[in-house]
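The residues making up each chain are set out below.
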Amino acid sequence: QVQLEESGGGLVQSGGSMRLSCAAAGRSFNGYTVAWFRQAPGKEREFVGCINVNSRHTLITESVKERFTVSRDTDKNTVHLQMGSLGPDVPAVYYCAAGRPITRERYSDRAYYYWGQGTQVTVSS
């Protein structure tokens, strides 16, 4: 069992940056892919990005790939989502998730079986 906890959300000014963190308790992220999803009010949950903790290979969705990065800190058993140039597309609840998806399933939330509770990100104009 992997317990995930997100942190770092809150209110940020438009155009600013924010880093979200996902910490694992119970076992190491070793061997997992850790992903970030977000869900805005009235919208479906969508994939943001992911990282294979062992290979460090990342995948970022096209709409944010120039502004967001995903990284891992193995010493702290933590994965980060660094977000920059925050705009109106950003406000949502951000979730981290862990699983072992095959390559073509990395975008799908059904491929991940451990989830955090989510952290709210709000952007002020």
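Look above for the structure.
Note that the structure is predicted; figures quoted are calculated from it, not measured.

1. Considerations on the nonpolar core
Of all hydrophobic cores here, the largest spans 31 residues; its most connected members are L4, F29, W36, F68, L81, M83 and Y94. Of all elements in the fold, only β3 (18-25), β4 (33-39), β5 (46-52), β7 (68-73), β8 (78-83), β9 (92-99) and β11 (119-124) reach the threshold of two or more residues within this core. Excluding residues within four positions of it along the chain, L4 makes contact with C22, A23, A24, F29, C96, A97, A98, Y114, W115, G116 and Q117. Within the second largest apolar cluster, eight residues are counted, among which are A35, F37, L59 and A97.

2. Some thoughts on the sheet that holds β3
Across the sheet, four strands lie side by side as β1-β3-β8-β7; this open sheet has antiparallel pairing. On the outer flanks of this sheet lie β1 (3-7) and β7, each paired with one strand and no other. Each strand axis lies, on average, 20° off the axis of its neighbour in the sheet, ignoring direction. Both β3 and β8 contribute to a ladder of six bridges, which runs antiparallel. Across the sheet, S21 pairs through a bridge with H80, a residue of β8.

3. Points about unusual backbone geometry
Non-glycine residue R56 carries a positive phi angle of around 65°. Locating R56 in the fold gives a position in the loop between β5 and β6 (58-60). You can call R56 exposed: its relative accessible area is 54%. A positive phi angle, near 50°, is found at N77, a position not held by glycine. Considering the arrangement of structural elements, one finds N77 in the loop between β7 and β8.

4. Details of the packing of aromatic side chains
The geometry of an aromatic ring pair comes down to the distance between the two centres and the angle between the two planes. The tally for this structure, following the rule as stated, stands at seven aromatic pairs. Plain terms: the ring middles of F37 and F47 are 5.6 Å apart, the flat faces sit at 80° to each other, and that makes the pair edge-to-face. With F37 in strand β4 and F47 in strand β5, this pair connects stretches of sequence that are ten residues apart. Take F37: its relative accessible area is 1%, and that puts it in the buried class. Here the aromatic rings of F37 and W115 are separated by 5.2 Å at their centres, their planes lie at 45°, and the arrangement is tilted. Of the two residues, F37 is situated in strand β4 and W115 in strand β10 (residues 112-115); the sequence distance between them amounts to 78 residues. Ring pairing ties together the aromatic residues F37, F47, Y95, Y107, Y112 and W115, which thus form one cluster. Between R45 and the ring centre of W115, over which it is positioned, the NZ or CZ distance is 4.1 Å.

5. Re the pattern of salt bridges
Scanning all chains against the criterion turns up five salt bridges. A salt bridge links D89 to R38, with the nearest nitrogen and oxygen atoms 4.0 Å apart. Taken together, the residues span a long stretch of sequence, with D89 in the loop between β8 and β9 and R38 in strand β4 at a distance of 51 residues. Using a relative accessible area of 35% as the deciding quantity, one classes D89 as partly exposed. For the salt bridge of D109 with R45, the shortest nitrogen-to-oxygen distance reads 3.2 Å. One end of the pair, D109, is in the loop between β9 and β10; the other, R45, is in the loop between β4 and β5, with 64 residues separating them in the sequence. On the basis of relative accessible area, D109 is assigned to the partly exposed category, the value being 26%. In the salt-bridge network here, residues are joined through shared partners; they are R38, E46, R67 and D89.

Basis of the calculations
- Residues numbered from 1 in each chain as written.
- Predicted model: local features only at pLDDT ≥ 70, side-chain atom pairs only at ≥ 80, totals over all residues.
- Heavy atoms only, no water.
- Core = buried A, V, L, I, M, F, W, Y, C linked by side-chain atoms within 4.5 Å.
- Buried < 20%, exposed > 50% of the residue type's maximum accessible area, 1.4 Å probe, protein only.
- Helix = DSSP H or I, 4+ residues; strand = E, 2+ residues; numbered from the N terminus.
- Contact = heavy atoms within 4.5 Å.
- Pairing = 2+ DSSP bridges.
- Axes fitted to C-alpha atoms, helices over the stretch in contact; angles between N-to-C directions.
- Phe/Tyr/Trp six-rings, centres within 6.5 Å; stacked < 30°, edge-to-face > 60°.
- Lys NZ or Arg CZ within 6 Å of the ring centre and 35° of its normal.
- Salt bridge = Lys/Arg side-chain N within 4 Å of Asp/Glu carboxyl O.

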